[in-house]
Amino acid sequence: MEAAKFDVVVLGAGAAGMMCAAEAGKRGRRVLLLEHGEQVGRKILISGGGRCNFTNVNAKAENFLSANPHFAKSALARYMPRDFIALVEKHGIAHHEKTLGQLFCDGSARQIVSMLEKECKDAGVETRCVVKIVRVREDSIPRFVVETSEGAIACDAVVVATGGLSIPKMGATAFGYELAREFGHAVLEPRAGLVPLVFAERDREQWCDLTGISAEVVASAKVPASISEKQVLRSAQDDKFKKEDDNKKSKNKVPVFREKLLVTHRGVSGPAVLQVSSYWRPGGEVRFDLAPGREVLGPLLEKNARRDAASLLAVLRGILPARMAERWVQIHAVERKADWTNAGIARMEQELHAWTLKPAGTEGFAKAEVTVGGVDTAELDARTMESKRVKGLYFIGEVVDVTGWLGGYNFQWAWASAVAAGAVA
């Protein structure tokens, strides 16, 4: 049986895949969009609490992690947040900005999926769901044959938009990485990003009965000295990042994030923790400033001031939730038999601004919002997302070693990388 023929076959009908298919279709290319699940855009539908945090107005290359911190610059500069906002507004989708430049639909994430479906339909894209990709192989003319559960498809270009390993219950698989390796591409080890951290047993016993308590913190991650500069997935803003004083020799720099921390039954979560989790590596530490920008224990240093656990608790209740303040005093003042001298109070102040923990691990891909790592960008063209090894083969979105911060950045990378490939595939 002769293979069906298309100009472009896009593998994966998520955010990046749908956007790329529409862009290629607008150029008059005959495009087939394949999805192994039962519906398109499944991760879009659950994003942003069901309202889809579809971009961030502040998105720049420095908000992304990658072994090549400059790779994302080209695509992000040529398709910016304002471009996607214009598309959203063209479709009449009402939206609003939350904190830190995050944009959400006023209504439902379904509006974004419907918008992309319409863009694909108007561009003449053929979409097929519940199609398993068996194999992709090179041919002569056309250049590729995609073998599927519904038969073979011949095409000139293949775009891999199969995503990462995060949220396997939504159908995430390692297919994109396996295909990349089959075509000779290196893949940086995928790991869970934007994910809650799990405490070791001792820390869990001390803190996890406070489940549900939250506090605003400044969070950072310390990279183990054993992790080399090349192993650390860095971002283009490295020169602006805070460097931990006791980690100078490693040259590993990480950003700091001022957001909420949430205590869970197994460790910590919340936006601040999710942000630093992408930088954290096993054996490393995380650090939280529980009173950012404030000197807390000054009242204890005043003339004739009481210096005891009760007075410490009184001042801590002004900055921390009551139960967390009580626990902090119990651990740092009562159990450790606090030193109430000026020097001892200064040390307690310092500890309050540098609560340091060594997590036992993360909640894994099941709870991760993104995958850190992926197809090595050294082997991709930054302008087009085309493989430098195999002409006509493209990788876009989460499958690539480009991972954004929390807050709409990963969607912006999906749109930008998709447009870059769709303009030429």
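Above this text sits the structure in question.
What you see is a predicted model; the values in this text were computed from it and never measured.

J.: Please clarify how helix H1 (residues 15–26) should be interpreted in this entry.
T.: For an α-helix, the turn length of 3.6 residues means that residues three or four places apart are oriented alike. Its 12 residues give H1 an end-to-end C-alpha distance of 17 Å, which sits within 8% of 16 Å, the value for a rise of 1.5 Å per residue. Of all the positions in H1, only Ala15, Ala16, Gly17, Met18, Met19, Cys20, Ala21, Ala22, Glu23, Ala24 and Gly25 are classed as buried. Positive phi shows up at Gly28, right after H1, with a value of about 90°.

J.: Honestly, helix H11 (residues 322–335) in this entry has me stumped. Any pointers?
T.: Between its first and last C-alpha atoms H11 spans 18 Å; for 14 residues at 1.5 Å apiece the expected length is 20 Å, and the two agree. Of all the bends in H11, the greatest, near 25°, is centred on Val329. All buried positions along H11 are accounted for by Met324, Ala325, Arg327, Trp328, Val329, Ile331, His332 and Ala333. Where the residues of H11 are buried, they touch helix H7 (201–207), strand E13 (214–222), helix H10 (309–316), helix H12 (342–352) and strand E17 (355–357). Following H11 by one or two positions, Lys337 adopts a phi angle in the positive range, close to 50°.

J.: I'm lost on the pattern of salt bridges in this one. Help?
T.: As enumerated under the stated definition, the model contains 18 salt bridges in all. Close ionic contact of Arg258 with Glu216 constitutes a salt bridge, the shortest N to O distance being 3.1 Å. Linking Arg258 in strand E14 (residues 257–263) with Glu216 in strand E13, this pair joins segments that are 42 residues apart in sequence.

J.: Even after reading the chapter, I still don't get the sheet that holds strand E3 (residues 53–56), so can you show me in this structure?
T.: Within a sheet, neighbouring strands are paired by backbone hydrogen bonds and run either parallel or antiparallel to one another. Judged by pairing direction, the sheet is antiparallel, and its three strands sit side by side in the order E3-E6-E5 without closing on themselves. Edge positions in the open sheet fall to E3 and strand E5 (95–97), since each of these has one partner strand only. Neighbour to neighbour, the strand axes of the sheet diverge by 25° on average, direction disregarded.

J.: Help me understand the packing of aromatic side chains, please; the structure alone is not making it clear to me.
T.: How two aromatic rings sit relative to each other is given by the distance of their centres and the angle of their planes. Applying the stated criterion to the full structure yields 13 aromatic pairs. Ring centres 4.8 Å apart and planes at 55° place the aromatic pair Trp207 and Trp355 in the tilted group. With Trp207 in helix H7 and Trp355 in strand E17, the pair connects residues that are 148 residues apart, well separated along the chain. With respect to burial, Trp207 and Trp355 carry one shared label: buried. Relative to Trp355, the ring of Trp328 has its centre 6.2 Å away and its plane inclined at 85°; by these criteria the two rings are edge-to-face.

J.: Could you clarify how one ought to interpret unusual backbone geometry in this entry?
T.: Glycine aside, residues mostly have negative phi angles, and peptide bonds mostly take the trans form. With an omega of -10°, the peptide bond between Ile141 and Pro142 qualifies as cis. Positive phi outside glycine occurs at Asn304, with the angle close to 65°. Inspection of the secondary structure assignment puts Asn304 in the loop between helix H9 (298–301) and H10. Given a relative accessible area of 75%, Asn304 falls into the exposed group. Backbone geometry at Lys337 places phi at a positive 50°, although glycine is not the residue there. Among the secondary structure elements, Lys337 is positioned in the loop between H11 and H12.

Definitions and limits used
Position numbers for residues count from 1 along each chain, tracking the sequence in the order it is written. Thresholds applied to this predicted model are a pLDDT of at least 70 for local features of residues and 80 or more for the giving and counting of side-chain atom pairs; totals over whole chains, interfaces and linings are not thresholded and use all residues. Processing note: side-chain calculations cover all non-hydrogen atoms of the structure and skip hydrogens and water entirely. Numbered from the N terminus, helices here are DSSP runs of H or I no shorter than four residues, and strands are runs of E no shorter than two. Expected helix span is taken as 1.5 Å per residue step, with the number of steps being one fewer than the number of residues. Partly exposed residues are those whose accessible area sits between 20% and 50% of the maximum for their type, while under 20% is buried and over 50% is exposed, using a 1.4 Å probe and protein chains only. Note on bend: at a given residue it equals the angle between the axes fitted to the 7 residues ending there and to the 7 starting there. Note on contacts: a residue pair qualifies if any of its non-hydrogen atoms lie within 4.5 Å across the two residues. Each reported salt bridge corresponds to a side-chain nitrogen of Lys or Arg within 4 Å of a carboxyl oxygen of Asp or Glu. A pair of strands is labelled paired if DSSP reports no fewer than 2 bridges between them. Only the stretch in contact is used when fitting a helix axis, every axis being a line fitted to C-alpha atoms; angles between N-to-C directions are given from 0 to 180 degrees. For Phe, Tyr and Trp, where Trp contributes only its six-membered ring, two rings pair if their centres lie within 6.5 Å, and the inter-plane angle classes them as stacked under 30 degrees, edge-to-face over 60, or tilted in between.

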